[in-house]
Amino acid sequence: MSLAPPPLRDDCFALPAGVDWTPVDEALQNLRVRLHCVVGCEEVKIEQALGRLLSSDIKALRSNPPLPNSAVDGYGFAFASLGVGNQCLPLTEGRAAAGLRFEGKVPSGEAIRILTGAALPDGVDTVILEEDVNASETEIAFRAGVKAFANTRKAGEDAAAGDVVLPKGRCLTPADLALLAAVGHGDVPVYKRLRVAVLSTGDELVAHGGAAQDGQIYDANRVMLLGLLAQMGLEPVDLGQVKDQREALKERLDEAANLADVILTSGGASAGDEDHVSALLQEAGALQEWRIAMKPGRPLALALWQGTPVFGLPGNPVAALVCALIFARPAMGLLAGRGWNEPQSYTLPAAFEKHKKPGRREYLRARVRGGKVEVFASEGSGRISGLSWAEGLVELPDSAAEITLGDTVKFLPYSAFY
Ligand code: AMP
Ligand code: MG
């Protein structure tokens, strides 16, 4: 149960040499085959299990419903005891209600008062709705035409004892918790939460909320990425900001590798003079620059730092979020035990026009209004207001595209990424 998973392979982020811009799907496929779960397991109470990932298949301990029961308020009897034509049946004394079994047997040719959810008493296999009956104290009358087993639920028709009701890797929803409770579980085995350290890099950054000098900007990426991780049910670890300085960065990465299972950095990931994240990872011999054919998104720096995977995201907030959603999210899903999880998209008519060149995939900030997809007016990758305006992304294909009003496009709501 608590076996430590094996470490990732040193070459897990290697890309084939000589390839220039890697298509998005190929880059994703590379992550998919190289990464695996790196966290152990624990048992938690189901009331604490929302958003957690099951670490094994879960079987029903008990059938739901446990016994055949009535789906309505009405009267129960044995179908085989009915004659032809309209019916008049004497009532058996007593009644069957939910939670309280009627212990006796209902004699053939008699009916019993029964309420929704009550287990069918012996001698009852069919229920007639009370609205379809004329009843006195002692008998009921109803028209011909009742079907055998009407208004009843079979034992185990929802889930039978021993059935797998939820698969390993499932991210538990409120409805899943209901199912787990209904089939007899109090605790469930889940993966320990993947701990993800978030680190912002750049000499120009200052922490939000404080004073900022000319030339400084507030660190916007960190709160965004920490929030994203929380929404994804992972455990965010805030590692603050660090200057564009090799030694300081090295120390902070060491700390991050100690505290977390994954490290997300933003900024300094390209190949420029001040791109210290990529330079440092390069120095350590651990860097793979992933030049992915997508917009927005500068090169993504992927590396292992002391065995801990690092996703070096671009500094621009738009690129940082898109790269986090498109690449870091599915990768973290694998590391966290969720398996490979594709975000579910919708095909919807466009309320915008766009000419797109071939050669790279494009993600636009978008939202749906009146059943149509709108995109943010500016594509600038520093426009945080556009990220906030948007409620998801439009994904345009790698090939060229000429989108006119009403053409269908692929929309990925932000919620598809949780
Ligand atoms: P870099 O990738 O470090 O070259 O940064 C690209 C752009 O993103 C620059 O304009 C940075 O100032 C900006 N940037 C980098 N990190 C952050 C951050 N944490 N919050 C907001 N903007 C950032
Ligand atoms: Mg920078």
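Residues numbered from 1 in each chain as written. Chains lettered and ligands numbered in written order. Predicted model: local features only at pLDDT ≥ 70, side-chain atom pairs only at ≥ 80, totals over all residues. Heavy atoms only, no water.

**Structural notes on the pattern of salt bridges**
For clarity, the cut-off: Salt bridge, as used here: a side-chain nitrogen of Lys or Arg that lies within 4 Å of a carboxyl oxygen of Asp or Glu. In DSSP terms, a helix is any run of H or I states spanning at least four residues, a strand is any run of E spanning at least two, and both are numbered starting from the N terminus.
Counting across every chain of the model gives 17 salt bridges. Among the ionic pairs, Glu395 bridges to Arg361, the shortest N-O distance being 3.8 Å. Of this pair, Glu395 sits in strand 26 (residues 392-396) while Arg361 sits in strand 24 (residues 361-369), and the two are 34 residues apart along the sequence. As a salt-bridge pair, Glu395 and Lys410 come within 3.1 Å of each other at their nearest N and O atoms. Taken together, the positions of Glu395 in strand 26 and Lys410 in strand 28 (residues 408-413) put the pair 15 residues apart, joining distant regions of the chain. One salt-bridge network, in which partners are shared between bridges, spans Asp25, Arg361, Glu395, Asp398 and Lys410.

**Remarks on the domain arrangement of the protein**
Under the convention used in this document: Each domain's limits were defined by an automated method or a database of domain assignments.
Looking at the assigned domains, one finds that the protein contains domain 1 (21-32 + 192-336), domain 2 (44-64 + 157-191), domain 3 (69-153) and domain 4 (346-417). Computed over C-alpha atoms, the centres of domain 3 and domain 4 are 58 Å apart.

**Digging into helix 5 (residues 276-283)**
Counting along an α-helix, one turn takes 3.6 residues, and residues three or four places apart therefore face a common direction. What counts, and what does not: Each residue is assigned to one of three classes by its accessible area relative to the maximum for its type, calculated with a 1.4 Å probe on protein chains only: buried under 20%, partly exposed between the two thresholds, exposed over 50%. Note on definitions: a residue-residue contact is assigned when non-hydrogen atoms from the two residues lie within 4.5 Å.
Regarding helix 5, the residues found buried are His276, Val277, Ser278, Leu280 and Leu281. Contact partners of the buried residues in helix 5: strand 13 (195-201), helix 4 (246-259), strand 17 (262-266), strand 18 (287-290), strand 20 (300-305) and strand 21 (308-313). Gly285 sits one or two positions beyond helix 5 and adopts a positive phi of about 75°.

**Focus: helix 4**
Defined as follows: By this rule the span expected of a helix is its residue count minus one, scaled by 1.5 Å. Starting at the helix axis, one direction is taken to each C-beta atom, and the arc is that of these directions.
Helix length check: helix 4 (14 residues) gives 20 Å between terminal C-alpha atoms against 20 Å at 1.5 Å per residue, within 8%. Among all positions of helix 4, only Leu249, Leu253, Ala256 and Ala257 are buried. Considered in projection along helix 4, the buried side chains sweep an arc of 95° and stay on one side of the axis. Within helix 4, the exposed residues directed more than 90 degrees away from the buried face are Glu251 and Asn258. Where the residues of helix 4 are buried, they touch strand 13, strand 16 (235-242), strand 17, helix 5, strand 20 and strand 21.

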